[in-house]
Amino acid sequence: MRAEVRWNMALSRGLRCCQRVFSWIPVLIITSVVLWSYYAYVFELCLFTIPNTFEKVAYLLVFHVCFVMFSWTYWKSIFTPPATPCKKFQLSYSDKQRYEMEERPDAQKQILVEIAKKLPIFTRAQSGAIRFCDRCQVLKPDRCHHCSVCETCVLKMDHHCPWVNNCVGFSNYKFFLLFLSYSMLYCIFIAATVFQYFLKFWVGDLPNGSAKFHVLFLMFVALMFFVSLMFLFGYHCWLVAKNRSTLEAFSAPVFVSGPDRNGFNVGVRKNLQQVFGENRRLWFIPVFTSQGNGHFFPLKNRSESRNPLLANEEMWEESEDCSEEGSLERTVIPVFSATSAAIIVISLSNHRGHKVLKQVSYVKKKLLS
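Computed from a predicted structure; not experimentally measured. (Residues numbered from 1 in each chain as written. Predicted model: local features only at pLDDT ≥ 70, side-chain atom pairs only at ≥ 80, totals over all residues. Heavy atoms only, no water.)

(A) View of helix 9 (residues 268–276). Three or more residues of helix 9 are buried, namely Asn271, Gln273, Gln274, Val275 and Phe276. As for helix 9, its buried residues are in contact with helix 6 (173–203) and helix 7 (210–242). The first or second residue beyond helix 9 is Gly277, which carries a positive phi of 90°. (Buried < 20%, exposed > 50% of the residue type's maximum accessible area, 1.4 Å probe, protein only. Helix = DSSP H or I, 4+ residues; strand = E, 2+ residues; numbered from the N terminus. Contact = heavy atoms within 4.5 Å.)

(B) Local environment of the packing of aromatic side chains. Evaluation of the coordinates by the stated rule reveals 28 aromatic pairs. Taking the centre distance of 5.5 Å and the plane angle of 55° together, the rings of Phe255 and Phe264 count as tilted. Of the two residues, Phe255 and Phe264, both sit in the buried class. Ring centres of Phe264 and Phe297 lie 6.3 Å apart, and the angle between their planes is 80°; this geometry places the pair in the edge-to-face category. With Phe264 in the loop between strand 9 (258–259) and helix 9 and Phe297 in the loop between helix 9 and strand 10 (331–336), this residue pair connects regions lying 33 residues apart in the sequence. Assessed through its relative accessible area of 4%, Phe297 is described here as buried. These aromatic residues form a ring-pair network of at least three members: Tyr38, Tyr41, Tyr59, Phe63, Phe67, Phe70, Tyr74, Phe176, Phe179, Tyr186 and Phe189. Geometry around Phe264 places Arg143 over its ring, the cationic atom sitting 4.4 Å from the centre. Here the guanidinium or amino end of Arg143 rests over the ring plane of Phe297, the centre of that ring lying 5.1 Å away. (Phe/Tyr/Trp six-rings, centres within 6.5 Å; stacked < 30°, edge-to-face > 60°. Lys NZ or Arg CZ within 6 Å of the ring centre and 35° of its normal.)

(C) Layout of the sheet that holds strand 8 (residues 254–255). Taken in spatial order, the three strands make up an open sheet running 1-8-9, and their pairing is antiparallel. At either end of the open sheet lies a strand with only one pairing partner, and these are strand 1 (123–124) and strand 9. Relative to strand 8, strand 1 is paired through two bridges, and the arrangement is antiparallel. Looking across to strand 8, one finds that Arg124 is bridged to Val254. (Pairing = 2+ DSSP bridges.)

The structure is reproduced here in structure tokens:
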């Protein structure tokens with residue numbers, strides 16, 4: 001019996017290892033095509049075919065800018081690890097023991113509801129229960145989903161992309177969008193500059209040779225990739241404008257009030273800022289500038305974002321695991337005095353008409369003007 005168990009475990013490890021190896025095949029295909037396109041454009045076209053020196057230098061300069069930006073964004077999309085829920089969303093040892101020992105599903109749901117009171121969780125499962133991942137043993141933050149390929153919960157998961165062998169989510173969604181845009185720019189630049197030499201080879205104005213095959217094939221490949229990327233990039237631009245992920249486009253997120261595809265849509269400008277940040281100078285550079293920490297997102301209906309489960313403002317504090325962007329939004333009104341300052345935290349009522357809860361906490365330090 002033990003030998004059979006060991007054999008099954010060894011077989012499972014072997015299959016997972018093979019899966020990890022084969023998952024890199026799409027990346028190797030893209031890398032091979034790009035490296036070939038570099039050789040075909042730089043050597044076969046620019047160095048061996050184009051006679052004009054000025055044209056040759058201009059093409060090479062612009063091409064290398066596009067190539068560097070494409071490679072940079074592709075690298076960031078592949079090797080940026082997916083963001084996962086912080087420790088505050090994990091069950092404590094006592095809560096885990098209590099949850100596992102409880103056999104009644106309704107009682108388990110109630111345990112999760114009690115734990116969720118400390119967290120800014122506004123979405124629910126289709127059944128209306130708190131979303132919980134049995135594999136990762138975490139309460140899922142809003143827009144978080146479990147990836148069966150990466151075997152982890154991913155913050156603001158969009159989809160698992162085989163062409164980057166990575167989950168596209170909160171940590172690398174900006175990089176993925178830039179990768180698509182610079183891929184299109186790379187392809188359209190190649191097609192535009194190769195076109196006249198493509199025609200010359202086609203009608204026979206240029207002599208046959210190795211350059212002819214590379215130039216003709218380069219034109220077809222560039223146009224083929226550009227058309228496919230154009231549709232994919234256009235679809236993701238629409239998703240960003242609506243503040244939806246690919247998963248949310250197919251299955252609307254469920255709130256306390258029910259499903260709502262536009263639950264996170266706060267306007268086109270703010271939607272763009274959530275992905276690219278407020279500094280527009282960094283929008284087209286593959287550095288992380290997305291707003292927040294992936295655990296909390298502003299809602300279209302502001303009354304929804306005041307979680308009625310949160311009864312204590314200190315239950316969601318800034319820590320090393322989660323930054324203050326993930327905390328519950330509050331309306332803070334400073335009241336000045338000579339020796340101290342009072343902060344009145346007003347938790348607004350939700351859409352069903354719960355009473356407004358006012359909580360006053362006194363701060364010993366003076367507020368600086």
